[in-house]
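# Structural features, examined
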Amino acid sequence: MPVSTLTHVAALAGAVPHLTVSLDTDNGATVIVGDFPEASLCTHAFRQVIADWPTESGHAPCVDDIHFDGADARGPVLATGQVRWFSTGLGAQRAVAALRTSRRGQQKISVQVRFDALLAVSVVRMESDALADDELDDAAIAAYATCEAESLLASVSAAA
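Residues numbered from 1 in each chain as written. Predicted model: local features only at pLDDT ≥ 70, side-chain atom pairs only at ≥ 80, totals over all residues. Heavy atoms only, no water.

### Some remarks on the sheet that holds strand β7 (residues 110–116)
- Across the sheet, 5 strands lie side by side as β4-β5-β6-β8-β7; this open sheet has antiparallel pairing. Across the chains shown, the open sheet's two edge strands, defined by having one partner strand only, are β4 (72–74) and β7. Each strand axis lies, on average, 25° off the axis of its neighbour in the sheet, ignoring direction.
- Pairing between β4 and strand β5 (residues 77–80): 3 bridges, direction antiparallel. Within β5, the residue paired with Asp72 across the bridge is Ala79.
- Strands β5, β6 (83–88), β7 and β8 (121–127) of the sheet are contacted by helix α1 (residues 3–15), whose axis makes an angle of about 140° with β6.
- Contacts between helix α3 (residues 92–102) and the sheet are confined to β6, β7 and β8, with β7 contributing the most and set at about 155° to the helix. (Pairing = 2+ DSSP bridges. Helix = DSSP H or I, 4+ residues; strand = E, 2+ residues; numbered from the N terminus. Axes fitted to C-alpha atoms, helices over the stretch in contact; angles between N-to-C directions. Contact = heavy atoms within 4.5 Å.)

Have a look at this one:
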């Protein structure tokens, strides 16, 4: 699994309350990430390991599968009750600008963006008591897609 994927998982592990992440390795072991004594790694250590992963290395982490306990994975978004979470490679200001674009006309959703300086990604939290689960899922997935599109545009602009 690429380090970029685990970067987003590490950011979510550090941001989503009561989230436990299980990483199944290719040798059959499971690494448990969470903020409790029995975990293999606390979320801070996991974030540090991923942040320190050598970028020039041709070796990707030996993770085959990721499981979340304490949140439901709904596509690229994690759900905890009436809250949706996702991570984006955008900085906080660019994420906020992208989210404003995607949320036009959706006043029923509270959105917070937190930049994880160690991992250089932003975590987005979307909450609504007024929307049904599927409506909130749709809004969060649309917001995620908008952030991903903005991230792609930024990478193309930087390469040009």
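### Focus on the side chain of Ser87
- With respect to the helices, strands and loops of the structure, Ser87 is situated in strand β6.
- Overall, Ser87 belongs to the buried group, its relative accessible area being 5%.
- There is a polar contact of 3.5 Å between the side chain of Ser87 and the backbone oxygen of Ser122.
- Excluding anything up to four places from it in sequence, Ser87 contacts His8, Ala11, Leu12, Val121, Ser122, Val123, Tyr144 and Glu148. (Buried < 20%, exposed > 50% of the residue type's maximum accessible area, 1.4 Å probe, protein only. Polar contact = N/O pair within 3.5 Å; in protein donor to acceptor, adjacent residues only side chain to side chain.)

### Some words on the packing of α3 against helix α4 (residues 133–159)
- Here α3 crosses α4 at 130°, and the two axes come no closer than 9 Å. Relative to α4, α3 is oriented oblique. The two elements α3 and α4 meet at a crossing, and its hand is right-handed. Contacts from Arg94, Ala95, Ala98, Leu99 and Ser102 in α3 reach Ala142, Ala143, Thr146, Cys147, Glu150 and Ala154 in α4.
- When its residues are assigned to classes, the contact of α3 with α4 shows 7 nonpolar, 2 polar and 2 charged. (Parallel < 35°, antiparallel > 145°, perpendicular 65-115°, else oblique. Left-handed = near helix turned anticlockwise from the far one by under 90°. Nonpolar A, V, L, I, M, F, W, Y, C, P; charged D, E, K, R; others polar.)

### Focus: the sheet that holds strand β1 (residues 20–25)
- As summarised here, the arrangement of the 3 strands in space is β2-β1-β3, forming an open sheet in which the pairing is antiparallel. Strands at the two margins of the open sheet, each flanked by one partner only, are β2 (30–33) and β3 (63–69). Averaged over neighbouring strand pairs, the angle between their axes works out to 20° when direction is ignored.
- When β1 meets β3, the two strands line up antiparallel, connected through 6 bridges. Of the residues in β3, the one forming a bridge with Thr20 is Asp69.
- Seen against the sheet, α1 touches β1, β2 and β3 and runs at an angle of roughly 20° to β3.

### Overview of the nonpolar core
- One finds Val21, Leu23, Phe46, Ile66 and Trp85 to be the most contacted residues of the largest nonpolar core, which totals 23 residues.
- Secondary structure elements with two or more residues in this core: α1, β1, α2 (43–51), β3, β6 and β8.
- Considering each element in turn, this core owes the most residues, 7 residues, to α1.
- Core analysis: the second largest hydrophobic core is formed by 15 residues, Val77, Leu136, Ala139 and Cys147 among them. (Core = buried A, V, L, I, M, F, W, Y, C linked by side-chain atoms within 4.5 Å.)

The values reported here are purely geometric and, on their own, carry no functional implication.
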